[in-house]
Amino acid sequence: MNRIFHKVMLAPEVAWLEVEAPRIARRWKPGQFVIIRPTDDSERIPLTIVDGDAARGTILLVVQGVGRTSRLTISREPGEAFTDLVGPLGEPATIGVFGRVVCVGGGVGVAELLPVAAALRRVGNHVTAVCGARSRSQIILDAELHAAADEVCWSTDDGSAGFHGTVVDLLRSREAEFRRAGMIHVIGPIPMMRAAAELTRAWGVRTFASLNPIMVDGTGMCGGCRVTVGGKVRFACVEGPEFDAHQVDFEELARRNSAYREQERLAMQNHECRIGLVLTRQG
Amino acid sequence: MPQTGPKRTPKAPRQELPLRDPQSRTQGCGEVSLGFTLKQAQMEARRCLDCKDPKCIEACPLHIDIKSFIARMIEGDFEGALERISEQNPFPGVCGRVCQCELYCEKACLLGRKLKPVAVGALERFAADYASQCGNGLHAEPNGRKVALVGSGPASLIAAYDLVRKGYQVTIFEALHELGGVLAYGIPPFRLPREILRQEIDRLRAMGVEFCNNFIVGKTASLDELFEEGYSAVFVGTGAGLPHLMKIPGENLIGVYTANEFLTRLNLMRAYDFPHSGTPVRVGKRTLVVGGGNSAMDAARWARRLGSETTILFRRGRAELRARLEEIDRAEEEGVHFEFLAAPVRLLGDETGAVREMECIRMRLGEPDETGRPSPIPIPGSEYRVPVDTVVAAIGQSPNPTLQRATPQLITNRGKIVIDDRGQTSLPRVFAGGDVVRGGSTVILAMRDGRAAAEAIDRALQEGR
Ligand code: FES
């Protein structure tokens, strides 16, 4: 169970993992996620399902090592297994016929964009994937995005490839075309989703954002994932993760997601100290 | 005249459970109640009147043969005592700790009319802890039929035990990574050590019950798929996992938890051991727990263990607390303060979004409401503020809606699954019980439901319904 079949490092700290999960592979829909515990003592972290292959009985996850648990996740090797894996969780993304659709992704969000873009195209939309990376070396899954969308464009923060600027700058630069879109889907870091939502609100284009709050159980039991949408409290793990981007209180989400930053930082420091100690002793 | 065994001594004082001293309790999560010594157990057992018509057995939701297990204990036959208990209840270690005996057997105990009732719960626990868990020789011939139980809490656990003894092949599906449902995520290890829970679950496993964790019925597979995969009946025991919110401004500030989240982080994810365990929890200098039930006591006692100055805020008076007396006492011994007749109005945070203050309002008691308890009425103009770093809302929960949402044909009433007098839902061969039917209730009543459901399932399948 939960065995890792393949692992490819797409960029430093970004792993593409094919994981055994036959039931999830059969039932998942674009926009849904799983919760994993990479090792015995790990916390439970949500990861968007990037693809699933019912015949092989596997799902694809793309993970960026940012915190302790995600780093542990990408450090696992093929043949090893995650201690726990459960899903598919959450409601599927909104897939419908909108005519022209823009899918906006930043960071590993571009991986999470893949299934949504592909599904939207499959039902007949013209899909443009607007993707952002810090620099050329951080561009991931370009070929897969080209296969999923009708058009793919990239922005890089340092201008080393594609448009020079943020993904939201890129979006704005094509306002004339994009404000005619029937729907825009955004996924990525909170500041980027928030900026994109502000822009598309001004355009009056319906926009959905796939949110990433801290979760514990992922089944609606704890309320830790609560977000405010249109002034109402919603549990992102069961009612989301996708919500009307123009209604989401991104500021609150950003704050809530920082709740454990200090504790995590100290824990990491400690951890690195200990590793440092071992190394100097061995050295 | 020959002596017939040790004498009964009903007039002897009821034995008190030895407790870990309050100071050392807050230094870890070791079990607080230490359980009877051998001598105490024998003395307490001898207090039993050996009634001709024992009311305790009838009062016990699981109808444990209390009279005979106590008789075995008097003879020093602890294995025999455990065997008698196990005929009805395979979880004496769990129930001896968490069952609210004072409402059932101990309330019915005849001795209790004049003196203190026999400490049945503590004796049950002693039997479980003292005697080695023996196989119970109650294996049945497999009847070739499969039953799926959804959720691994108390209702499903006892249903599994009963069904497996009737020859069914039983699979329990659990959404979380650990088994036990509320026993695992809701009840702290200082009340129910995890080894006890694990042992009693392992016993079911040894009897052939299959456990499937990380499996959410309604998500990982639908109810229909379970039937397609050969299950003849399904029992839904998914519990009351949907936490109520206070619905006040500031509820989403950092440091504000539902009891479910707070307890899950600590009990299930072992946040007390962070960063050794991967899951953190924020417990600051001052903690306010809102509510008056057992979850409020559990949360407050955890906060004390994490070094926080802790107050329970309850909108009614002491007499209206819903928690067990025992738990209230333990909380007080451990230094938890109580603030009665006050309720939160709003929460105020700092620039980082962390909670810093709670505004409360004083209450007075008015006419009884629909629950029969006096209704709390806010006193206008009595608002006051208290500094706080951690807030836990322990104000109740409703059934977890996951399966219901995935199965719209399942008829519910305010989220609770509706069942008929045979425990069957609106879907054929789908049964339900425990908190998903009752709303928030107790472990022992969930067990009673699980037992009733096992019988109903057996009957329905026999009749070919
Ligand atoms: S993660 Fe617990 S309710 Fe959503």
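Draft legend 1. Fine view of the overall build of chain A. Helices and strands together make up the secondary structure of chain A, namely 10 helices and 16 strands. Its C-alpha atoms give chain A a radius of gyration of 19 Å, within 12% of the compact-globule value 19 Å for 283 residues. By principal-axis analysis of the C-alpha atoms, chain A measures approximately 60 × 40 × 40 Å. Every one of the 283 residues in chain A was classed for burial, and the buried ones make up 57%. If you take every contact in chain A between residues at least 6 apart in sequence, the share linking residues at least 24 apart comes to 65%. Taken as a whole, chain A presents about 11600 Å² of accessible surface, with 52% of it coming from carbon and sulfur. Across chain A, the 33 positively charged side chains and the 33 negatively charged ones have centroids separated by 2 Å.

Draft legend 2. Seen up close, the overall build of chain B. Summing up its helical and strand segments, chain B has 18 helices and 18 strands in all. Counted over contacts in chain B with a minimum sequence separation of 6, partners at least 24 positions apart contribute 69%. Accessible surface, chain B as shown: approximately 19100 Å² in total, 51% of it carbon and sulfur. Each charge sign in chain B was given a centre, from 61 positive and 58 negative side chains, and these centres are 4 Å apart.

Draft legend 3. Structural context of empty space enclosed by the protein. Going through the model one piece at a time under the given rule, you end up with five cavities of 30 Å³ or more. Among the elements of the structure, helix H9 (250-257) of chain A together with strand E6 (256-258) and helix H13 (259-268) of chain B are those that each provide at least two residues to the lining of the largest cavity. Grouping the constituent residues of the lining of the largest cavity by class yields eight nonpolar, three polar and four charged. Along the walls of the second largest cavity sit 15 residues, with Cys 60, Ile 64, Cys 99, Cys 105 and Glu 124 of chain B positioned nearest its centre. Contributions of two or more residues to the lining of the second largest cavity are made by helix H4 (66-74) and helix H8 (120-130) of chain B. Here the lining of the second largest cavity takes three residues from H8 of chain B, the largest share from any one element.

Draft legend 4. Seen up close, the sheet that holds strand E3 (residues 33-37) of chain A. All names here are of chain A. Read across the sheet, three strands follow the order E4-E3-E7 without closing on themselves; strand pairing throughout is antiparallel. For this open sheet the edge positions go to strand E4 (45-48) and strand E7 (84-89), each flanked by a neighbour on one side alone. Sheet twist, expressed as the mean angle between neighbouring strand axes with direction ignored, is 25°. Sheet analysis places E3 next to E7, joined by four bridges and oriented antiparallel. Along E7, the bridge assignment pairs Phe 33 with Leu 89.

Draft legend 5. The arrangement of helix H2 (residues 68-75) of chain A in detail. Residues and elements named next belong to chain A. For H2, the complete set of buried residues consists of Thr 69, Ser 70, Thr 73 and Ile 74. End-on, the buried residues of H2 take up no more than an arc of 130°, which puts them together on one face. Residues of H2 that are buried make contact with strand E1 (4-11), strand E2 (14-20), E3, E4 and strand E6 (58-64).

Draft legend 6. Focus on the side chain of Thr 156 of chain A. All names here are of chain A. Its place among the elements puts Thr 156 in strand E10 (residues 151-156). In terms of polar contacts, Thr 156 uses its side chain to reach the backbone amide nitrogen of Gly 159, at 3.2 Å. Once residues within four sequence positions are removed from consideration, Thr 156 is found in contact with Ala 133, Arg 134, Ser 135, Arg 136, Ile 139, Ala 161, Phe 163, His 164 and Gly 165.

Draft legend 7. How the structure looks around the sheet that holds strand E7 (residues 286-290) of chain B. Residues and elements named next belong to chain B. Taken in spatial order, the five strands make up an open sheet running E6-E14-E7-E8-E9, and their pairing is parallel. Among the strands making up the open sheet, the edge pair consists of E6 and strand E9 (337-340). The sheet shows a mean angle of 20° between the axes of neighbouring strands, taken without regard to direction. Relative to strand E8 (residues 309-314), helix H14 (residues 294-305) is tilted by about 165°, and along the sheet it contacts E7, E8, E9 and strand E14 (390-393).

Draft legend 8. Molecular detail of the confidence of the model for chain A. Put simply, chain A has an average pLDDT of 93, and 95% of its residues get 70 or more. For the stretch residues 276-283 of chain A, pLDDT sits under 50, and the model shows zero contacts to residues farther than four places along the chain or on other chains.

Draft legend 9. Region of interest: the packing of aromatic side chains. Residues and elements named next belong to chain B. Evaluation of the coordinates by the stated rule reveals nine aromatic pairs over all chains. Ring centres of Phe 78 and Phe 126 lie 5.3 Å apart, and the angle between their planes is 65°; this geometry places the pair in the edge-to-face category. With Phe 78 in helix H5 (residues 78-88) and Phe 126 in helix H8, this residue pair connects regions lying 48 residues apart in the sequence. Judged on exposure class, the residue Phe 78 and its partner Phe 126 are both buried. Ring geometry for Phe 338 and Phe 340: centres 5.6 Å apart, planes at 10°, overall stacked. Through a chain of ring-to-ring contacts, three or more aromatic side chains come together here, namely Phe 78, Phe 126 and Tyr 130. Here Lys 146 stacks its cationic end above the ring of Tyr 231, 4.4 Å away from the centre of that ring. Over the ring of Phe 190 we find Arg 305, and its NZ or CZ is 3.7 Å from the ring centre.

Draft legend 10. Structural context of the domain arrangement of chain A. All names here are of chain A. Segmenting chain A into domains produces domain 1 (2-89) and domain 2 (100-257). For domain 1 and domain 2, the distance between their C-alpha centroids amounts to 21 Å. Counting residues at the interface gives 18 residues for domain 1, matched by 19 residues for domain 2. Taking both partners together, domain 1 and domain 2 bury about 1500 Å²; carbon and sulfur atoms supply 68% of that area. For domain 1, the biggest contributors to the area lost against domain 2 are Phe 33, Arg 44 and Val 50; these three give 27% of the whole.

Draft legend 11. Up close: the domain arrangement of chain B. All names here are of chain B. Here the domain parsing of chain B yields domain 1 (22-130), domain 2 (146-241 + 399-463) and domain 3 (244-396). Between domain 2 and domain 3 lies a buried interface of about 1100 Å² when both sides are counted; carbon and sulfur atoms form 56% of it. When the area that domain 2 buries against domain 3 is broken down by residue, the three leading residues are Tyr 185, Phe 190 and Arg 191, summing to 50%. Counting the contacts that link domain 2 with domain 3 gives three salt bridges.

Draft legend 12. A look at the state of the cysteines. For the coordinates displayed, the defined rule picks out zero disulfides over all chains. Take Cys 153 of chain A: it sits in no disulfide, and the sulfur closest to it among the cysteines is that of Cys 131 of chain A, at 7.1 Å.

Basis of the calculations
- Residues numbered from 1 in each chain as written.
- Chains lettered and ligands numbered in written order.
- Predicted model: local features only at pLDDT ≥ 70, side-chain atom pairs only at ≥ 80, totals over all residues.
- Heavy atoms only, no water.
- Helix = DSSP H or I, 4+ residues; strand = E, 2+ residues; numbered from the N terminus.
- Rg over C-alpha atoms; globule rule 2.2 N^0.38 Å.
- Buried < 20%, exposed > 50% of the residue type's maximum accessible area, 1.4 Å probe, protein only.
- Contact = heavy atoms within 4.5 Å.
- Areas by Shrake-Rupley, 256 points an atom, 1.4 Å probe, with all protein chains shown as cover.
- Lys, Arg positive; Asp, Glu negative; His and termini not counted.
- Charge placed at Lys NZ, Arg CZ, Asp CG, Glu CD.
- 1 Å grid on protein atoms, 1.4 Å probe; cavity = no way out; pocket = protein on both sides within 12 Å on 5 of 7 lines; lining within 4 Å.
- Points joined across faces, edges and corners; volume = space filled by probe spheres on them.
- Nonpolar A, V, L, I, M, F, W, Y, C, P; charged D, E, K, R; others polar.
- Pairing = 2+ DSSP bridges.
- Axes fitted to C-alpha atoms, helices over the stretch in contact; angles between N-to-C directions.
- Arc of directions from axis to C-beta.
- Polar contact = N/O pair within 3.5 Å; in protein donor to acceptor, adjacent residues only side chain to side chain.
- pLDDT = per-residue confidence, 0-100.
- Phe/Tyr/Trp six-rings, centres within 6.5 Å; stacked < 30°, edge-to-face > 60°.
- Lys NZ or Arg CZ within 6 Å of the ring centre and 35° of its normal.
- Domains from an automatic or database assignment.
- Buried area = accessible area lost by both parts, 1.4 Å probe.
- Salt bridge = Lys/Arg side-chain N within 4 Å of Asp/Glu carboxyl O.
- Disulfide = S-S within 2.5 Å.

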